[in-house]
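# Coordinate analysis (summary)
Here are the chains, one letter per residue:
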Amino acid sequence: MPILNRAAELQNEVTEWRRHLHMNPELLFAVENTSAFVERKLKEFGVDEIVTGLGRTGVVGLIRGNLGTGRTIGLRADMDALPITETTGKPWASTTPGKMHACGHDGHTAMLLGAAKYLAETRNFAGNVAVIFQPAEEGGGGGNEMVKDGLMERFGIEEVYGMHNMPGMPVGQFGSRVGPIMASTDEFSITVKGRGGHAAQPHKTVDPITVGAQIVNALQTIASRTVDPLASIVVSVTKFNAGFAHNVIPEQAVLAGTVRALTPEVRDTGEARIRQIAESLAGAYGATAEIWYGRNYPVTVNHADETAHALAVAATIAGDGKVDAALDPMMGGEDFSYMLLARPGAFIFIGNGDTAGLHHPAYDFNDEVIPHGISYWVKLAEARLAA
C-alpha cells in the first residue's frame, strides 16, 4: 500500500507548519514557543488529553481509538534545533541568528502533528496512541527527562517508536535494524600536569605537551589493539589546549574528546582504557593526569519484535526493495535510547533525499518526505492497535 491519500492531502498544510517551525528554531529545553504551537494544534485536532511540561517543556497528546479498549503505544518526535547559523537562503530560513533546524526536528514534529490530525479524525484503532513531542534531543537528554517524569507510567505506554530523517537515502525509502542502531556518546577530558619552564631548557621541565601528545597517540590503540575488530568503538580527541608563548613550556595541557560504542561492554572498556593509558603514560614521564569521564546517551538498541513490525509497516508504504532491514549502525547518538530502555520499541530512518548532511548549515528538511512519514506513523499505529 503506498502513501495514504489523506496524508498526501495534508502535505501542503503540514509543510506550512514545518516551515513555520523552521523559521522559529529554539534550543534544548527552551522550546516554549514550539511546545505552545504543538499544544495549539493538538487542541484544534480534538486530541482527547494533552499534557504539557513533561520533561520540562515536552508535550504529550493522547488519542483514543473507536474500536474498543486496548493497549497504548507511543510515537515520538523531537522539537529542538541547533546552535548553527543557517546558510540555505530559503524563504523559510531561520529568523534567529545562530540557531537553525539543522537536523530536521522541525520535519519530525510536523509529520507527527500530521499523523495526530489524521488519527484524531479516523480513530481506526483499538486502544490509545500517545503522540510524544520531546525537547532537548541535541545534547540535553530530554528523552531521559520525560522518562524520569513518568511518561511511560502516566499514559500506560507499552511500546514506543521513533523516526529520524536520513540525508542520502532516497525519499520514500526506510531503513533500520534489530539491535544496536546508534552509539553511546560519552565525553572525556584529561588534564596533564607537568612542570613548566623555559623552552630552551626542556630538561628542567616536565613537558605536558609531550606527554599529552603521547596520550593522544596511545588512545588510538583502544580501537586498534584493545577492542575486538568485529566490535565498534570510536575514540576521538577533539581538543588539545596548552601553552601561551613560543618560549615557555606550560604547566599543564588539557585534552578532550568523545567515545562512541555500540555495546555497554565496549563502552566500559573504552572508559577503563582511557584512564589506564592517561595515568600510566603521565606517570612514566613524571607528570600526572586527572581524568574526567562523563557518560552521556546510552546505546540505542532496537527490540526484535517491534523492529520487525516497524519494518513491515514501512514496506507497505515504500514497496518492495525500498526498506533496508539491515541498515548499518551509526556512531552518532540519540536520546530515544532512554525510551527504548524503558519500553520495547524501534527507531527507524526515513529517506530525506539528496540534501546537505545533518548538522550542516546548508541542511533543510525535504518537504516531499512529509506524506511518507505521516503514512508510516498512521499505519504503524493502526497495525499495532488492530482490533
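Residues numbered from 1 in each chain as written. Predicted model: local features only at pLDDT ≥ 70, side-chain atom pairs only at ≥ 80, totals over all residues. Heavy atoms only, no water.

What follows deals with the overall build of the protein. Each helix and strand counted, the protein has 11 helices and 16 strands in total. Across the 387 residues of the protein, 53% fall into the buried class. Summed over all atoms, the accessible surface of the protein reaches about 15,600 Å², with 51% contributed by carbon and sulfur. (Helix = DSSP H or I, 4+ residues; strand = E, 2+ residues; numbered from the N terminus. Buried < 20%, exposed > 50% of the residue type's maximum accessible area, 1.4 Å probe, protein only. Areas by Shrake-Rupley, 256 points an atom, 1.4 Å probe, with all protein chains shown as cover.)

What follows is about the layout of surface pockets. One number sums up the size of the largest pocket: a volume of about 480 Å³. Forming the boundary of the largest pocket are 24 residues, of which Glu138, Arg260, Gly332, Gly333 and His359 lie nearest the centre. Contributions of two or more residues to the lining of the largest pocket are made by strand E5 (157-166), strand E8 (184-193) and strand E12 (252-261). The residue makeup of the lining of the largest pocket includes at least three contributed by each of domain 1 (5-182 + 299-385) and domain 2 (184-294). (1 Å grid on protein atoms, 1.4 Å probe; cavity = no way out; pocket = protein on both sides within 12 Å on 5 of 7 lines; lining within 4 Å. Points joined across faces, edges and corners; volume = space filled by probe spheres on them. Domains from an automatic or database assignment.)

Our next topic: the sheet that holds strand E16 (residues 345-351). Strand pairs in the sheet, formed through backbone hydrogen bonds, run parallel or antiparallel to each other. If you trace the eight strands from one edge of the open sheet to the other, you get E1-E2-E4-E3-E5-E16-E6-E15, paired in mixed fashion. The open sheet has two free edges, formed respectively by strand E1 (49-54) and strand E15 (323-324), since each of these has just one partner strand. Direction of pairing for strand E3 (residues 72-78) relative to strand E4 (residues 128-134): parallel, over a ladder of seven bridges. Of the residues in E4, the one forming a bridge with Asp78 is Gln134. Against the sheet, helix H3 (residues 105-122) contacts strand E2 (58-64), E3, E4 and E5, and its axis sits at roughly 145 degrees relative to E3. (Pairing = 2+ DSSP bridges. Contact = heavy atoms within 4.5 Å. Axes fitted to C-alpha atoms, helices over the stretch in contact; angles between N-to-C directions.)

This brings us to the side chain of His108. Summarising the element assignment, His108 is placed in helix H3. In this structure the side chain of His108 is engaged in a polar contact, spanning 3.0 Å, whose partner is the side chain of Asn165. With near-sequence residues (within four places) excluded, His108 lies in contact with Ala77, Asp78, Cys103, Met163, His164 and Asn165. (Polar contact = N/O pair within 3.5 Å; in protein donor to acceptor, adjacent residues only side chain to side chain.)

This part is about the side chain of His101. Assignment of secondary structure puts His101 in the loop between E3 and H3. Reaching out from His101, the side chain makes a polar contact with the backbone nitrogen of Asp106 at a distance of 3.5 Å. For His101, the residues in contact, after removing those within four places along its chain, are Leu21, His22, Pro25, Met79, Asp80, Ala81, Asp106 and Tyr363.

With that out of the way, let us pick up the domain arrangement of the protein. Looking at the assigned domains, one finds that the protein contains domain 1 (5-182 + 299-385) and domain 2 (184-294). Centre-to-centre separation of domain 1 and domain 2, based on C-alpha positions: 38 Å. Contacts between the two partners involve eight residues from domain 1 and, on the opposite side, nine residues from domain 2. Roughly 630 Å² of surface becomes buried between domain 1 and domain 2 when both sides are summed, with 74% attributable to carbon and sulfur atoms. Counting across the domain 1 and domain 2 interface gives zero salt bridges. In this assembly, domain 1 and domain 2 are joined by one residue pair in polar contact (both at pLDDT 80 or more). When grouped by side-chain class, the residues that make up the side of domain 1 that touches domain 2 number six nonpolar, two polar and no charged. (Buried area = accessible area lost by both parts, 1.4 Å probe. Salt bridge = Lys/Arg side-chain N within 4 Å of Asp/Glu carboxyl O. Nonpolar A, V, L, I, M, F, W, Y, C, P; charged D, E, K, R; others polar.)

Side chains that are nonpolar tend, in soluble globular proteins, to be buried together. Core analysis: the biggest nonpolar cluster contains 54 residues, and Leu42, Phe133, Phe174, Tyr376 and Trp377 have the highest contact counts within it. In contact with Phe133, other than residues within four places in its own chain, are Val38, Leu42, Gly58, Val59, Ala77, Met79, Thr109, Leu112, Leu113 and Met146. Residues Ala282, Ala289, Ile291 and Tyr293 belong to the second largest nonpolar core, which totals 25 residues. (Core = buried A, V, L, I, M, F, W, Y, C linked by side-chain atoms within 4.5 Å.)

The strand order across the open sheet built from four strands is E10-E12-E8-E13, with neighbouring strands paired in antiparallel fashion. Of all the strands in the sheet, the pair left with one neighbour each is strand E10 (233-242) and strand E13 (288-294). Neighbour to neighbour, the strand axes of the sheet diverge by 20 degrees on average, direction disregarded. Relative to E12, E10 runs antiparallel, the two sharing nine bridges. Considered in E12, the bridge of Asn241 is made with Val254. Its contacts with the sheet place helix H6 (residues 208-219) against E8, E10 and E12, and it is angled at close to 170 degrees to E10. Along the sheet face, helix H8 (residues 264-284) touches E8, E10, E12 and E13 and points at about 165 degrees away from the line of E13.

A few words on the pattern of salt bridges. A side chain of one charge can pair with a side chain of the opposite charge if their charged atoms are brought near each other. Scanning the model with the defined rule gives 24 salt bridges in all. The residue Arg19 makes a salt bridge to Asp367 at a minimum N-O spacing of 2.9 Å. Of this pair, Arg19 sits in helix H1 (residues 5-23) while Asp367 sits in the loop between E16 and helix H11 (370-384), placing them 348 residues apart in sequence. Accessibility expressed as a relative area gives 28% for Arg19, which makes it partly exposed. Linking Glu271 and Arg275 is a salt bridge whose minimum nitrogen-to-oxygen distance equals 3.2 Å. Note that Glu271 and Arg275 are positioned in helix H8 at a spacing of four residues, about one turn of the helix. Using a relative accessible area of 28% as the deciding quantity, one classes Arg275 as partly exposed. Salt bridges linked by common partners bring Arg18, Arg19, Lys90, Asp106, Asp364 and Asp367 together as one network.

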